[in-house]
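What follows is the residue order along each chain.
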Amino acid sequence: MSRGETEPSAEEKIAELERFCGQLAMENALLKKALGKLPLSNGMPLLSML
C-alpha cells in the first residue's frame, strides 16, 4: 500500500470477497455445464473420475 492510501474497511473487504465468491460460483456452474456436454469415449462421466 502506498502513502496516502487508507486500508479498506471490513465491510469493503467483505463486499469484495462476496463479489469474488459470486464470480467463482458462476464460473464453476458454467464449467460444470460445459463438462456435461463433452462427449465421453469410455462411457464414464468425467466428474466421477475426479
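As a starting point, this report considers the structure included with it. Everything quoted here is computed from the prediction, not taken from an experiment.

Let's talk about the overall build of the chain
When its secondary structure is counted, the chain shows one helix and zero strands. Here the chain holds 50 residues, and the buried ones make up 0% of them. A total of about 4800 Å² of accessible surface is found on the chain, and carbon and sulfur atoms cover 62% of it.

Here we look at the pattern of salt bridges
All chains considered together, the criterion is met by one salt bridge. Of the charged contacts in the structure, one is a salt bridge between Lys13 and Glu7, with a shortest N-O distance of 3.2 Å. With relative accessibility at 37%, the residue Lys13 sits in the partly exposed group.

Calculation notes
- Residues numbered from 1 in each chain as written.
- Predicted model: local features only at pLDDT ≥ 70, side-chain atom pairs only at ≥ 80, totals over all residues.
- Heavy atoms only, no water.
- Helix = DSSP H or I, 4+ residues; strand = E, 2+ residues; numbered from the N terminus.
- Buried < 20%, exposed > 50% of the residue type's maximum accessible area, 1.4 Å probe, protein only.
- Areas by Shrake-Rupley, 256 points an atom, 1.4 Å probe, with all protein chains shown as cover.
- Salt bridge = Lys/Arg side-chain N within 4 Å of Asp/Glu carboxyl O.

In short, shape yes, function no, at least from these values alone.
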